[in-house]
Amino acid sequence: MHPPPDGEGLHEPLPRPLERMLRLAVLAHVEAEPRRRHPAVVHVGHPGGHEVVFACTVDDPDDLGVRTDVLLALLARVPRLEHGPEHEPEPLVWVTRPGDLETQDDDACWVAATRAAAGELGRPVEMVLVGRHGWRDPRSGLSRTWKRLRSRSG
């Protein structure tokens, strides 16, 4: 998938707090989900901090309005933190799922819903896909991978 022409999504250089958050999202996924096959889960918030989740099922509607409403409800439950050079970035949307991180149809539906929610809120909302070995922004294609990700605290 090629990056969109308008430059939407994450681009280098990433702010250090966002880079840390994305690494934490992958680490938390690896530590919390030992199964190789599991349902997709939409997370909203700050990895390693406050987050809310929505577990996807096979019967989830493909309706953009319903997905947008889900994201708006999740975003409303996550506090926005102070901003500045040493503060956390805006709440993030990340989808954890099995398999590689190439964009699939369901991912594209969540990208569209994230874009719609951001439009309704009047502010950017970043979204990434998270797997066992890394993360990927389905809009820009920016990604990070690790062979063996470990907690830096221990």
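Residues numbered from 1 in each chain as written. Predicted model: local features only at pLDDT ≥ 70, side-chain atom pairs only at ≥ 80, totals over all residues. Heavy atoms only, no water.

1. A closer look at the overall build of the protein chain
Turning to step 1, where the next piece is worked out: A count of helices and strands for the protein chain gives three helices and six strands.
Turning to step 2, where the next piece is worked out: Each helix and strand of the protein chain, placed in order from N terminus to C terminus, yields the pattern α-β-β-α-β-α-β-β-β.
Turning to step 3, where the next piece is worked out: Counting over 154 residues, the protein chain shows a buried share of 43%.
Turning to step 4, where the next piece is worked out: Partitioning the contacts of the protein chain with sequence separation of at least 6, the portion at a separation of at least 24 is 69%. (Helix = DSSP H or I, 4+ residues; strand = E, 2+ residues; numbered from the N terminus. Buried < 20%, exposed > 50% of the residue type's maximum accessible area, 1.4 Å probe, protein only. Contact = heavy atoms within 4.5 Å.)

2. What about the pairing of strand S2 (residues 51–55)?
Turning to step 1, where the next piece is worked out: For strand S1 (residues 41–45) and S2, the ladder comprises five bridges, and the chain directions are antiparallel. For valine 44, the partnering residue across the bridge sits in S2 and is valine 52. (Pairing = 2+ DSSP bridges.)

3. Comments concerning the sheet that holds strand S6 (residues 143–145)
Turning to step 1, where the next piece is worked out: Strand order across the open sheet formed by six strands is S2-S1-S3-S4-S5-S6, with mixed pairing between neighbours. The open sheet has two edge strands, S2 and S6, and neither has a second partner. Recorded for the sheet is a direction-independent mean angle of 25° between the axes of neighbouring strands.
Turning to step 2, where the next piece is worked out: Note that S1 and strand S3 (residues 92–96) share five bridges and pair antiparallel. Across the sheet, the residue bridging to valine 41 is threonine 96, located in S3.
Turning to step 3, where the next piece is worked out: The strands touched by helix H3 (residues 105–121) within the sheet are S1, S2, S3 and strand S4 (127–131), with S4 carrying the most contacts at an inclination of about 150°. (Axes fitted to C-alpha atoms, helices over the stretch in contact; angles between N-to-C directions.)

4. Quick word on the environment of arginine 136
Turning to step 1, where the next piece is worked out: Here arginine 136 shows up in strand S5 (residues 134–136).
Turning to step 2, where the next piece is worked out: By relative accessible area, which is 7% here, arginine 136 ends up buried.
Turning to step 3, where the next piece is worked out: For arginine 136 and leucine 22, which are 114 residues apart along the polypeptide, the C-alpha to C-alpha distance reads 9.5 Å.
Turning to step 4, where the next piece is worked out: Only 3.3 Å separates the side chain of arginine 136 from the backbone oxygen of leucine 101, close enough to count as a polar contact. (Polar contact = N/O pair within 3.5 Å; in protein donor to acceptor, adjacent residues only side chain to side chain.)

5. Let's talk about the pairing of S1
For a regular strand, the rule is simple: side chains alternate between the two faces of the sheet.
Turning to step 1, where the next piece is worked out: Where burial is concerned, most of S1 is hidden: five out of the five residues are buried.
Turning to step 2, where the next piece is worked out: Every second residue of S1 is oriented toward a common face, with Val41, His43 and Gly45 on one face and Val42 and Val44 on the other, all of them buried.

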